[in-house]
Amino acid sequence: MKATANAGSNIAFVKYWGVGKGRSNRRVPLNPSVSMTLDVARTTTTVAFLPGLKEDVCTINNGPAPPDALERVRRVLDRVRRIAGLKAFARTVSVNHFPTSAGIASSASGFAALALAAARAAGLTGNLKGLVPLTILGSGSACRSLYGGYVLWSPPAGGQASSRVRQLEDEDHWQLVDLVAILSREQKTVPSEQGHLLARTSPLLEGRLASLGRILTKVKKAVRERNLQALGEWLEADALCMHAVMMTSQPALLYWEPATLAVIKAVRDLRERRGLPCYFTIDAGPNVHVITLPEQANAVARALKKVAGVQEVLRCPTGRGAYLQEEALF
Ligand code: DP6
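Quick summary incoming for the structure in this document. The shown structure was predicted, so the numbers you read here are calculated from the model rather than taken from an experiment.

About the criteria used
Residues numbered from 1 in each chain as written. Predicted model: local features only at pLDDT ≥ 70, side-chain atom pairs only at ≥ 80, totals over all residues. Heavy atoms only, no water. Phe/Tyr/Trp six-rings, centres within 6.5 Å; stacked < 30°, edge-to-face > 60°. Helix = DSSP H or I, 4+ residues; strand = E, 2+ residues; numbered from the N terminus. Buried < 20%, exposed > 50% of the residue type's maximum accessible area, 1.4 Å probe, protein only. Lys NZ or Arg CZ within 6 Å of the ring centre and 35° of its normal. Pairing = 2+ DSSP bridges. Axes fitted to C-alpha atoms, helices over the stretch in contact; angles between N-to-C directions. Contact = heavy atoms within 4.5 Å. Parallel < 35°, antiparallel > 145°, perpendicular 65-115°, else oblique. Left-handed = near helix turned anticlockwise from the far one by under 90°. Nonpolar A, V, L, I, M, F, W, Y, C, P; charged D, E, K, R; others polar. Expected span 1.5 Å × (residues − 1).

With that out of the way, let us pick up the packing of aromatic side chains. Tallied over the full model, the rule gives 3 aromatic pairs. Between the aromatic rings of Y16 and W153, the centroid separation amounts to 4.7 Å while the plane-to-plane angle is 70°, which identifies the pairing as edge-to-face. In this pair, Y16 is assigned in the loop between β1 (2–14) and β2 (19–21) and W153 in strand β8 (residues 150–154), connecting sequence segments 137 residues apart. Exposure class is identical for Y16 and W153. Each is buried. One aromatic cluster is present, formed by F13, Y150 and W174 through successive ring pairs. One cation-aromatic arrangement involves R91 over F330; the distance from NZ or CZ to the ring centre is 4.2 Å. Seen from the ring of Y323, R320 lies directly overhead, with NZ or CZ sitting 3.7 Å from the centre.

Turning our eyes to something else, we now look at the pairing of strand β4 (residues 33–49). Burial within β4 is extensive, with 15 of its 17 residues counted as buried. The pairing of β4 with strand β7 (residues 90–96) spans 7 bridges and is classified as antiparallel. The partner of T44 across the bridge, within β7, is V95.

Moving on, we come to the sheet that holds strand β11 (residues 278–281). The 4 strands are arranged β11-β12-β10-β13 in an open sheet whose pairing can be described as antiparallel. The open sheet has two edge strands with one neighbour each: β11 and β13 (312–317). Pairwise comparison of adjacent strand axes, ignoring direction, gives a mean angle of 25° for this sheet. One ladder, built from 6 bridges, connects strand β10 (residues 177–182) with β13; its direction is antiparallel. Bridged to I182 within β13 is E312. Where helix α6 (residues 228–247) meets the sheet, its contacts fall on β11 and β12 (288–292), and the angle it forms with β11 comes to roughly 20°.

Turning our eyes to something else, we now look at the packing of helix α1 (residues 67–84) against helix α2 (residues 106–121). If you want to describe how two helices pack, look at the angle between their axes and the distance between the axes. Running from N to C, α1 and α2 point in directions that differ by 30°, and their axes come no closer than 10 Å. The angle between α1 and α2 places the two elements in the roughly parallel class. As α1 packs across α2, the resulting crossing turns out to be right-handed. Note on element contacts: α2 touches α1 through S107, F111, L114, A115, A118 and A119, opposite A69, R72, V73, V76, L77 and V80. Here the contact of α1 with α2 is built from residues that sort into 10 nonpolar, 1 polar and 1 charged.

Attention now moves to helix α5 (residues 205–224). End to end, α5 covers 28 Å across 20 residues, agreeing with the expected 28 Å (1.5 Å per residue, within 8%). If you check which residues of α5 are buried, you get L205, R208, L212, I215, L216, V219, A222 and V223. In the core, the buried residues of α5 are packed alongside β1, β4, β8, β9 (164–169) and α6. Of the residues flanking the end of α5, it is R226, one or two places downstream, whose phi is positive at about 50°.

Below, the structure is given as structure tokens:
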């Protein structure tokens with residue numbers, strides 16, 4: 001009754017921001033999103049259901065899981081137990097191969113790996129599609145990390161109970177690089193789970209939702225045609241639009257630091273003055289993700305490291321989806 005899974009984080013080109021209530025009061029995303037699954041920024045998780053345990057126990061990066069993370073882990077495990085008809089509690093050990101909760105979504109890789117490991121440890125078989133609702137119980141964006149390459153997550157269509165996730169293109173279709181300019185390793189002040197609930201308080205949300213259909217079409221086309229210039233234009237536009245919604249929520253969410261803006265300006269400068277194809281996007285944190293081509297990644301990374309406030313640049317190529325591995329963490 002033990003299984004180990006590995007999953008990568010993902011970076012959204014069209015961002016998921018805001019949740020509503022769907023059928024049976026389930027939390028559902030307000031908008032469709034598109035992401036690229038990442039290599040390097042990955043999580044390995046081992047789960048074992050052990051009859052002797054008195055409660056679920058979980059360690060993350062060799063320490064006890066913080067209470068909010070443990071609560072989310074239990075939500076996923078409870079659902080797995082219900083489906084599998086199991087009573088035993090589980091031991092979960094998880095290791096992130098990158099900074100946790102610093103604007104680079106460790107929740108995405110963490111809950112994709114947890115859902116796969118827990119389902120298999122409980123003896124559940126079936127395809128990745130069946131894991132989508134499990135991942136979303138832990139973290140919305142985690143459902144995109146089940147698949148490799150480029151992934152679309154859509155809210156449930158009329159009458160459907162759950163949202164849909166599908167791979168647009170696999171990782172071999174187009175190799176891009178996400179250079180993560182790490183400005184801070186601090187935990188986020190407002191976790192995205194809370195931020196999603198505030199989206200509706202922004203007067204700009206309606207405008208964003210109304211314009212998303214067009215952006216989605218452009219982004220899907222750019223990925224299909226491997227057109228970085230077109231992709232870059234739209235992914236920057238959507239990142240700024242999502243942060244405009246965050247900044248105009250009540251209370252306002254301001255995830256940026258001064259160095260965030262410095263990196264944005266450096267990226268524009270690299271494009272305009274040095275002709276380097278690179279584009280920025282930002283999640284719910286201060287770090288800036290810079291999307292570029294493998295051939296230009298070294299030059300772009302060197303320039304980013306020189307920007308005041310950048311502590312480190314993490315290089316994450318396009319990665320594969322979640323998979324099971326033999327080697328366990330305990
Ligand atoms: C800004 O998936 O981390 O990164 O569902 O509450 O865990 P929870 O939120 P999460 O939100 C990610 C938001 C984002 C944009 C994105 O990845 O699409």
